[in-house]
Amino acid sequence: MSEPVKFVKNTVIVVFGASGDLAKKKTFPALFGLYREGYLDETTKIIGYARSHLTVEELRERIEKNLKTPKEEDKKKVDGFFKMVTYVSGPYDQDDGFIRLREEIETFESAKCTLEPHRLFYFALPPSVFLPVATNIKKLVYAEKGVTRLIVEKPFGRDLETARKLQADLSPLFREDEIFRIDHYLGKELVKNLLVMRFGNQFLNSAWNKDNIQSIQIAFKEPFGTEGRGGYFDNIGIIRDVMQNHLLQVLTLLTMERPVSFDPEAIRDEKVKVLKAMAPFDHKDILIGQYDKSEDGTKPSYLDDETVKPGSKCVTFAALAFQIENERWSGVPIIMRAGKALNEGKVEIRLQYKAVASGVFNTIPHNELVIRIQPNEAVYMKFNSKTPGLSNATQVTDLDLTYSSRYKDFWIPEAYEALIRDAMLGDHSNFVRDDELEVSWSLFTPLLNYLEGENAPQPELYPYGSRGPKGLRDYLAKHNYIIEEKHPYTWPVTTPNEE
């Protein structure tokens, strides 16, 4: 594959919600990262827009401490970056601020003699103001003779009904090719590498099926609880927070069929096909939990958070079993599990291969392919080898691709850096399409209704800082994941604290 166009010149990027946390911690640092590495042309104009009355200097004070400047010379680029930044204050639901924004945009474009304007609008906003902002963009700052693109942040609704309403609100205003629904997990390096790993390596692709793979796990672990944000999380839960979006995106890339081309729509077509092949969740085949106090009493329970409603049954841990009813995956249990207040922070994929069928080595440990998305990105295969020397004993060892050692001289972009660049170039490959959103919410909404209804089940309590509910080990065993207790494996000392 050839390297695409490096950047687009004379682009206007408007960051709505510029005074908020998302813009401060993610959007502006991502734009700076692209500029620092030479992927954001100096002819770009960046305009922050929010209701807060700020000067450009005050906006810079909020943003600058979040910019990554690993080299001394990078600090000199900060001044260059902020020369491109300006700020407009105004309401989201009235014309006057958007009229000032239009004047700012058109002054820039006329100075650059831009015949075909290229405008990118980033919604670092709560969903409650999506529609008024989108309406005023269309009415007052839409590029009629150029390119207009919207980057919309999740949540894309909270269930099927609200997702459909959001789509119904936006679709009369903007074409589907103008909307970029951003899920930052699709910008993570190991997630973006899944297609190349699967379909670019025949030795992996030929065994990527029910004939060879016994079980699949996609695991998300956070070592902290809600920490005072329980009032927000109580209305969301772990399933909406990371499973219906981030982890489901990983699952579709992991299980979809080979696209016919690298065309963005060909890739997204295959994601939708595999989503449609997923069976409804069996409500009797799930494991849900809520974190309790730590065993030493130093960490609070979820219900100790004063912002959480008393007696809440909010799910802070869930393990769900997916069944994909197609020729490749029929009968292979796929477990997605995610939780807060666990023993470590990690996101990884585990594919456990079937055992040797019979005869010699039929008791040898299972092979596993592990793809660690974060932290310390790595891909490694756990395989069996003869112990060196005169012994005939075997041991579990690994084939290891750890990014920090293998690619230490490479710039690996942050997820938001990669995705903003994709949107600027008009590449939808790593963004969520409308029909994909519809199918995914159709899958999850009945489960959420069950967990949040009048007769919602009681989640199992687990200690803060543990591995999760006590039933987890049995749940994994039930779904064909074998924990090799007789054949321990230790991750190399180059990356400690992994197992």
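Since this is a predicted model, take the numbers as computed values, not measurements.

About the cut-offs
- Residues numbered from 1 in each chain as written.
- Predicted model: local features only at pLDDT ≥ 70, side-chain atom pairs only at ≥ 80, totals over all residues.
- Heavy atoms only, no water.
- Pairing = 2+ DSSP bridges.
- Helix = DSSP H or I, 4+ residues; strand = E, 2+ residues; numbered from the N terminus.
- Axes fitted to C-alpha atoms, helices over the stretch in contact; angles between N-to-C directions.
- Contact = heavy atoms within 4.5 Å.
- Buried < 20%, exposed > 50% of the residue type's maximum accessible area, 1.4 Å probe, protein only.
- Patch = residues over 30% accessible without salt bridge, like charges linked within 9 Å, V, L, I, M, F, W, Y side chains within 5 Å.
- Areas by Shrake-Rupley, 256 points an atom, 1.4 Å probe, with all protein chains shown as cover.
- Salt bridge = Lys/Arg side-chain N within 4 Å of Asp/Glu carboxyl O.

S.K.: I keep staring at the sheet that holds strand 4 (residues 118-123) and nothing clicks. Help me out?
M.R.: Backbone-to-backbone hydrogen bonds join strands into a sheet, with any given pair of strands oriented parallel or antiparallel. Judged by pairing direction, the sheet is parallel, and its six strands sit side by side in the order 3-2-1-4-5-6 without closing on themselves. The strands lining the two open edges of the sheet, one partner per strand, are strand 3 (85-89) and strand 6 (179-182). Ignoring strand direction, the axes of neighbouring strands in this sheet form an average angle of 20°. The strands touched by helix 1 (residues 21-36) are strand 1 (11-16), strand 2 (45-50), strand 4 and strand 5 (147-153); relative to strand 1, the strand with the most contacts, the crossing angle is about 165°.

S.K.: Where do I start with unusual backbone geometry in this structure?
M.R.: A negative phi holds for most residues other than glycine; trans holds for most peptide bonds. Residues Lys 154 and Pro 155 are joined by a peptide bond in cis, for which omega reads 10°. Take Pro 155: it is sitting in the loop between strand 5 and helix 6 (160-170). Cis peptide bonds are those with omega within 30 degrees of zero, and the linkage from Gln 374 to Pro 375 qualifies with -10°. Positive phi is not limited to glycine here, since Ala 341 has a value of about 60°. Looking at the secondary structure, you find Ala 341 in the loop between strand 10 (334-339) and strand 11 (346-353). At Asn 480, a residue that is not glycine, the phi angle is positive and equals roughly 75°. Within the element layout of this structure, Asn 480 appears in the segment after helix 16 (472-478). With relative accessibility at 35%, the residue Asn 480 sits in the partly exposed group.

S.K.: Honestly, a nonpolar patch on the surface in this entry has me stumped. Any pointers?
M.R.: Taken together, Val 356, Val 360 and Phe 361 make up a surface patch of nonpolar side chains, about 290 Å² in accessible area. Positionally, Val 360 belongs in the loop between strand 11 and strand 12 (368-374).

S.K.: Explain the sheet that holds strand 10 to me, please; I cannot follow it from the model alone.
M.R.: Reading across the sheet, the nine strands line up as 14-13-12-11-7-10-9-8-15 and stay open at both edges, with mixed pairing between neighbours. The outermost strands of the open sheet, each flanked by one partner alone, are strand 14 (394-402) and strand 15 (460-463). Direction aside, the axes of adjacent strands within the sheet are offset by 20° on average. Across nine bridges, the pairing between strand 13 (residues 378-386) and strand 14 is antiparallel. Bridging across to strand 14, Ser 385 finds its partner in Gln 395. Set on the sheet, helix 11 (residues 237-255) makes contact with strand 7 (213-221), strand 9 (317-322), strand 10, strand 11 and strand 12; between it and strand 10 the angle comes to about 145°.

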